[in-house]
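Descriptive analysis of the structure
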Amino acid sequence: MDPVEVAAAPDAGPGPAWQSKCPWGAPNPTSISCSLADVMSEQLAKELQLEEENAAFPDVVAVAEGPFITGENIDTSSDLMLAQMLQMEFDREYDAQLRREEKKINGDSKVSISFENYRKVHPYDSDSSEDEVDWQDTRHDPYRADKPTTTPRKGFIGKGKDITTKHDEVVCGRKNTARMENFAPEFQVGDGIGMDLKLSNQVFNALKQHAYSEERRSARLHEKKEHSTAEKAVDPKTRLLLYKMVNAGMLETITGCISTGKESVVFHAYGGNAAEDKVIPPECAVKVFKTTLNEFKNRDKYIKDDYRFKDRFSKLNPRKIIRMWAEKEMHNLTRMQNAGIPCPQVVILKKHVLVMSFIGQDQVPAPKLKDVTLSNEDMKKAYHQILNMMQQLYKECNLVHADLSEYNMLWHDGKVWLIDVSQSVEPTHPHGLEFLFRDCRNVSQFFQKAGVAEALTERELFNAVSGLNITADNEVDFQAEIEALEKMNEDHVQNHGKKLSAFSSDGDPPIYDE
């Protein structure tokens, strides 16, 4: 057969299957088509790398710490992103190796070592809770101030132009910033400690002085809050006294504050029914003397020179003097009550808390004389009543009000009531006549302005109350004669002894001093 015919036989038409291949010919090479995208695939490269690693290190178990990096879920268009992801994978593998070494070295030992400081995974890079590390456990605390550079004994560091002394502005500034941590916790320094601030000595000294001042002020405010009565409030000790009165049945309830002053706070209360030989009125006024000493320092002359308390005054500390004010008002009110002068009735005294009858009705206190509007007849009636009360107070009670004005006189039930007699003194007081003349001036000026034609002048009123009949053409000579009489009286008292106290005949209510 001609070879040409054999070669052309397959093209002649379809034939048997064995005739499609030549058993004596060389096999044609099979070519696998591959696209450029497959060649550049990150997944293919990763698979090839893992195959090579598994073939070279069959005993090492691969660590899968996070999601596999593929081109489908990660944008690989940025070289920087690729570098960061590769570095992250390396750090995770490195940390896993450190954990395996820790477990191998420590074993079951009670004392263990840790490679925590050599790990490289950051808290925000880890997807597993096992890899998370609290930044407070690391060395790099962003809110911790760096320790300032210490200066050696020679006083400087460096050489030549790079020499730095201990007086360098930057070094001192950083030291001052670090020293702000020593301020009191109440002094807020903010987050500037971790911001590499540099405080000058002048600024730091000003802040330090201000911090000390704030600390002392805070201590004073705390002491004042704990040990003194504030406006419309009471300290814990006074509150305990009021609770005891309520629990004992002496008071039913305390409704609230009705008056505040420089020296005391007055509360309204409903009276109880449990008292020893005392009839408690339905409504009571609880006068709490403030335990602060600011106002009493300038008013000690009312009690220091009072012969009833002169011996006790020098033996008491300042806080106990305030209790003496309450005791003094109780004694003065008792004298006035025995003389028939309209005034609050004393119920009981307990330390610096004085319980009296309430001048008013249904929790509404009686108005002061300066606030009430009276007719001409009522104003004239009030003037004559006050004139009579001043004479009774001076002659029968042996007292001078020492602070008598329209602010301390109440109008209730068609008559005038006197209050606030804690500063009242006896006429034998070294300044008793001066206080009386001042009271006469206040009363005379008020009623003259109110249009009372019968109102006497202050000098005429003084003579009418005291009965001294001082004749002087002007006020200066009048006051000079008053001072001369006070000097004469003081010399007489010093030569012949002080006047005996009449407390035993006052019928005073009981004093409780727990």
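Residues numbered from 1 in each chain as written. Predicted model: local features only at pLDDT ≥ 70, side-chain atom pairs only at ≥ 80, totals over all residues. Heavy atoms only, no water.

Let us look at the environment of Met330. Following the sequence through the fold, Met330 ends up in helix H10 (residues 318-338). The spacing of Met330 and Met356 is 26 residues in sequence and 9.1 Å in space, taken between C-alpha atoms. (Helix = DSSP H or I, 4+ residues; strand = E, 2+ residues; numbered from the N terminus.)

Here we come to the packing of aromatic side chains. Scanning all chains against the criterion turns up six aromatic pairs. Between the aromatic rings of Phe90 and Tyr94, the centroid separation amounts to 6.4 Å while the plane-to-plane angle is 20°, which identifies the pairing as stacked. A residue pair is termed a helical-turn pair when its members lie 3 or 4 positions apart in one helix, as Phe90 and Tyr94 do in helix H4 (residues 79-106) at four residues. Classification of Tyr94 by relative accessible area gives partly exposed; the value is 31%. Measuring from centroid to centroid gives 6.1 Å for Phe437 and Phe462, while their planes differ by 75°, and the two rings are edge-to-face. Highlighted residues: Phe437 in helix H12 (residues 432-449) and Phe462 in helix H13 (residues 458-466), separated in sequence by 25 residues. For the pair formed by Phe437 and Phe462, the shared burial category is buried. (Phe/Tyr/Trp six-rings, centres within 6.5 Å; stacked < 30°, edge-to-face > 60°. Buried < 20%, exposed > 50% of the residue type's maximum accessible area, 1.4 Å probe, protein only.)

Of all hydrophobic cores here, the largest spans 53 residues; its most connected members are Ile386, Met390, Phe447 and Phe462. Each of domain 2 (233-365) and domain 3 (367-499) contributes no fewer than three residues to this core. Counting 17 residues, the second-largest nonpolar core is a separate cluster that includes Leu242, Leu251, Phe267 and Val286. (Core = buried A, V, L, I, M, F, W, Y, C linked by side-chain atoms within 4.5 Å. Domains from an automatic or database assignment.)

In this section: the confidence of the model for the protein. Mean pLDDT over the protein works out to 76, with 66% of the residues at or above the 70 mark. Least confident of the elements in the protein is strand S12 (residues 511-512), whose mean pLDDT is 42; most confident is strand S10 (residues 409-412), at 95. (pLDDT = per-residue confidence, 0-100.)

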